[in-house]
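# Topology and contacts: notes
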Amino acid sequence: MARGEFNSRIGTFATVAGSVVGLGNLWRFPYLAGENGGSAFLLVYLCVSLLVSLPVMLSELSIGRSQRCNAMRAFKNIAPGPWFLVGFLGVAAAYVITSFYMVVGGWSLEFLRASVVGEFSGKSSDEIKNYFDLFLAGGTGPTLQALVSLGISLVVVVLGVSKGIERFNKILMPALFVLILILVCNSLFCLPESWKGVTFLLKPDFEKISLQTVLTAMGQSFFSLSLGMGAMLTYGSYISSDRNLPKTALGIVTFDSLVAILSGMVIFPAVFSFGLEPTQGPTLLFNTMPNIFQQMPGGYGFSILFFLLVYFAAVTSQVSLLETVTAFASEELRMKRWKACLAIALTMSVTGSMCALSLSGHGWFEIGGKPLFDIFDSVSSNVMLPLGGFFIVLFAGWIMPSRVLQSQLTNSENESPSINYVVLRFLIRFVSPIFVALLFLTLIGVI
Ligand code: TRP
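To start, this report covers the structure provided alongside it. (Residues numbered from 1 in each chain as written. Predicted model: local features only at pLDDT ≥ 70, side-chain atom pairs only at ≥ 80, totals over all residues. Heavy atoms only, no water.)

### Focus on the packing of aromatic side chains
- Taken as a whole and judged by the stated rule, the model has 35 aromatic pairs.
- Between W27 and F373 the ring centres are 6.3 Å apart and the planes differ by 75°, which places this aromatic pair in the edge-to-face class. With W27 in helix 2 (residues 23-35) and F373 in helix 16 (residues 372-399), this pair connects stretches of sequence that are 346 residues apart.
- With 5.4 Å between their ring centres and 55° between their planes, F111 and F307 make a pair best called tilted. (Phe/Tyr/Trp six-rings, centres within 6.5 Å; stacked < 30°, edge-to-face > 60°. Helix = DSSP H or I, 4+ residues; strand = E, 2+ residues; numbered from the N terminus.)

### Focus: the nonpolar core
- Ranked by internal contacts, the top residues of the largest apolar core, which has 142 residues, are W27, M57, I63, W107, F286, M289 and F306.
- Not counting the four nearest positions on each side in its chain, W107 is found in contact with W27, F132, F135, L136, P282, F286, L359 and F373. (Core = buried A, V, L, I, M, F, W, Y, C linked by side-chain atoms within 4.5 Å. Buried < 20%, exposed > 50% of the residue type's maximum accessible area, 1.4 Å probe, protein only. Contact = heavy atoms within 4.5 Å.)

### Some points on the packing of helix 3 (residues 39-67) against helix 16
- Closest axis-to-axis distance for the helix 3/helix 16 pair is 9 Å, and the angle between their directions is 60°. Relative to helix 16, helix 3 is oriented oblique. As helix 3 runs across helix 16, the sense of the crossing is left-handed. Residue-level contacts link P55, V56, S59, E60 and I63 of helix 3 to G389, I392, V393, F395 and A396 of helix 16.
- A class-by-class count of the residues in the contact of helix 3 with helix 16 yields 7 nonpolar, 2 polar and 1 charged. (Axes fitted to C-alpha atoms, helices over the stretch in contact; angles between N-to-C directions. Parallel < 35°, antiparallel > 145°, perpendicular 65-115°, else oblique. Left-handed = near helix turned anticlockwise from the far one by under 90°. Nonpolar A, V, L, I, M, F, W, Y, C, P; charged D, E, K, R; others polar.)

### Considerations on the site of the ligand
- Taken together, 16 residues lie near the ligand, and V20, G24, Y101, F223 and S226 sit nearest.
- Contacts to the ligand include G24, whose backbone N or O atom sits 2.8 Å from an oxygen atom.
- A distance of 2.9 Å separates a nitrogen atom of the ligand from a polar atom in the side chain of S226.
- Taken by itself the ligand offers 370 Å² of open surface, and the protein chains cover 100% of this.
- Its atoms largely coinciding with the cavity grid, the ligand occupies the largest cavity.
- For the shell around the ligand, the secondary structure elements donating two or more residues are helix 1 (2-20), helix 2, helix 5 (85-116), helix 10 (211-224) and helix 14 (299-332). (Near = heavy atom within 4 Å. Polar contact = N/O pair within 3.5 Å; in protein donor to acceptor, adjacent residues only side chain to side chain. Areas by Shrake-Rupley, 256 points an atom, 1.4 Å probe, with all protein chains shown as cover. 1 Å grid on protein atoms, 1.4 Å probe; cavity = no way out; pocket = protein on both sides within 12 Å on 5 of 7 lines; lining within 4 Å. Sits in = over half its atoms within 2 Å of the grid points.)

### Here we look at empty space enclosed by the protein
- For the coordinates displayed, the defined rule picks out 2 cavities of 30 Å³ or more.
- A volume near 170 Å³ is recorded for the largest cavity.
- Lining the largest cavity are 18 residues, and of these S19, F223, S226, S317 and L321 sit closest to its centre.
- Elements with a minimum of two residues in the lining of the largest cavity: helix 1, helix 2, helix 5, helix 10 and helix 14.
- Counted by class, the lining of the largest cavity contains 11 nonpolar, 7 polar and no charged residues.
- There is about 40 Å³ of room inside the second largest cavity. (Points joined across faces, edges and corners; volume = space filled by probe spheres on them.)

### A closer look at unusual backbone geometry
- Positive phi is not limited to glycine here, since R68 has a value of about 50°.
- Assignment of secondary structure puts R68 in the loop between helix 3 and helix 4 (71-78).
- Phi is positive for N411, which is not a glycine, with a value near 60°.
- Secondary-structure assignment places N411 in the loop between helix 17 (402-410) and helix 18 (419-443).
- With relative accessibility at 34%, the residue N411 sits in the partly exposed group.

### Re a nonpolar patch on the surface
- Judged by side-chain polarity, W398, I399, F426, F430, I434, L438, L441, I444, V446 and I447 come together as a nonpolar surface patch covering roughly 970 Å² of accessible area.
- Elements supplying a minimum of two residues to the nonpolar patch: helix 16 and helix 18.
- The biggest single contributor to the nonpolar patch is helix 18, with 5 residues. (Patch = residues over 30% accessible without salt bridge, like charges linked within 9 Å, V, L, I, M, F, W, Y side chains within 5 Å. Salt bridge = Lys/Arg side-chain N within 4 Å of Asp/Glu carboxyl O.)

### Side note on the side chain of S187
- Along the chain, the position of S187 falls in helix 8 (residues 162-190).
- Here the side chain of S187 touches V266 through a polar contact of 2.7 Å, landing on its backbone oxygen.
- Dropping the residues within four chain positions of it, S187 is found in contact with S194, M265, V266, P269 and I292.

And the structure:
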C-alpha cells in the first residue's frame with residue numbers, strides 16, 4: 001500500500017514535470033534573462049513564481065481535480081455564465097504558442113542534423129553565428145524543419161500514445177537533467193571567463209529592475225509552468241484525491257526554476273568566454289551551445305545528445321499544446337479525433353510557416369517592423385497567459401465554493417483550516433489577482 005502510494009507520487013510528479021519542462025526552461029529563460037539584466041530578472045522571476053504563479057497553479061489543479069473533466073466543462077459545471085470563455089482564451093493561447101514553439105523545435109532538429117554531420121567542427125563563434133543567420137535567412141530550411149517538428153507531434157497525438165510518451169518522459173527527463181549537470185560543471189570549471197557569467201546571473205542588481213522586467217518575468221513564469229490556459233487544470237483532473245496539491249505544486253515550481261537556472265549556468269559562462277552577446281534574444285541558446293561542444297572533450301557526442309534531448313523536451317510540451325486544441329475541437333465540434341487533429345495541424349502549419357519565414361530578414365510577415373514570431377512569442381506570454389491566469393485565480397478564490405477549495409488544498413473539509421491553507425487562500429484571493437491586475441493597469445497607463 002505504502003509502496004503503491006510512493007510510486008504514484010513519483011508518477012504524478014514526472015508527468016506534470018514532463019509538460020512543464022521544455023523550451024521555456026532551456027531556450028526562453030536564458031534569452032530573456034540575457035535581455036533583462038541577468039540577475040535582476042532571476043530575482044524577480046523567483047518572487048513572481050512563488051507569489052503569483054504558485055497560486056495560479058494551485059487554482060488550476062484544484063478546479064481540475066474537483067471536477068475531473070476538461071477545462072471548459074469544469075468552468076461550466078461550477079458556474080453558469082461567461083466563465084467558460086476562459087477556456088476559449090486558453091485554446092487561442094495554445095494555438096498561438098504552438099505556432100512559434102514548432103519553429104524552435106525545428107531549430108533543434110536542424111542543430112541535431114548539423115551535429116551529426118559535424119557541421120560545426122573547427123568553426124569559430126562568428127562562423128557558428130553566421131551558419132545560424134544564413135539558415136534563418138534561407139527561409140525554406142527553418143520552415144521545413146518546423147513542419148517536421150509539428151508532424152512528429154501530430155503523429156504522437158493522433159496515435160494517442162500518451163502512455164508511451166509519458167513513459168518515454170520518465171527516462172528522458174532525468175537524462176536531460178544529468179546532461180545539464182555535466183554541462184554546468186564544464187561551463188563552470190573549464191571556461192576561462194566563467195565567473196563573469198555566474199556574476200551576470202547571480203549577483204543581484206536592483207537598479208536594473210523595471211516594470212517591463214516584472215511583466216516579462218511573470219509571462220515567462222506562466223509559460224514555463226504551463227499556466228493560464230487550462231493545461232494544468234486538465235492534468236489536475238488526473239491526480240488522485242489523496243495527493244497533497246500544495247506540496248506537488250511547490251515541488252514542480254522548484255524543479256522548473258532549478259532547470260531554468262542550470263540552463264543559465266551552462267549558457268552565460270560560455271557567452272562571456274566566447275565573446276557573445278547576452279542580449280541577442282531568441283537565437284542565444286543556438287549560437288552559444290555549439291561553441292561549448294567545440295571546446296569540450298567528447299563534444300561531438302555531447303552535442304548530438306544535447307540537441308536530441310532539447311527536441312524531446314520540446315516535443316513533449318508541444319504534444320500537450322496540440323492536445324489541448326484537439327480535445328477542444330473533437331469534443332465541442334463533435335469531430336473525430338484524428339480529423340480534428342489533422343485539421344488543426346494543417347492550420348497551424350500555415351501560421352507556423354509564417355512565424356518561421358518572419359525571421360528570414362526579408363520583411364515577410366512583419367507587423368510594424370517586428371517579426372510575427374516575436375509578436376506571437378510576447379503576446380501569448382505577456383498578455384494571454386497572465387490574463388487567463390488572472391481569471392483562473394479569481395474563479396478559484398471568489399466563484400468556486402470555498403469548501404471545494406479547502407477540500408482540494410487540505411484534503412479535508414471539517415477541520416479548522418490550517419495556517420498553510422489560510423496563507424494559500426490569501427495568496428489566491430488577494431495577492432495573485434491584485435498583482436496581475438495592477439501590473440496590467442500600470443502598463444496600459446491607467447495608473
Ligand atoms: N511549459 C512548456 C515549456 O516550458 C511549454 C508549454 C507546454 C506550455 N504546455 C503549455 C506553456 C501550456 C503554456 C501553456 O516549454
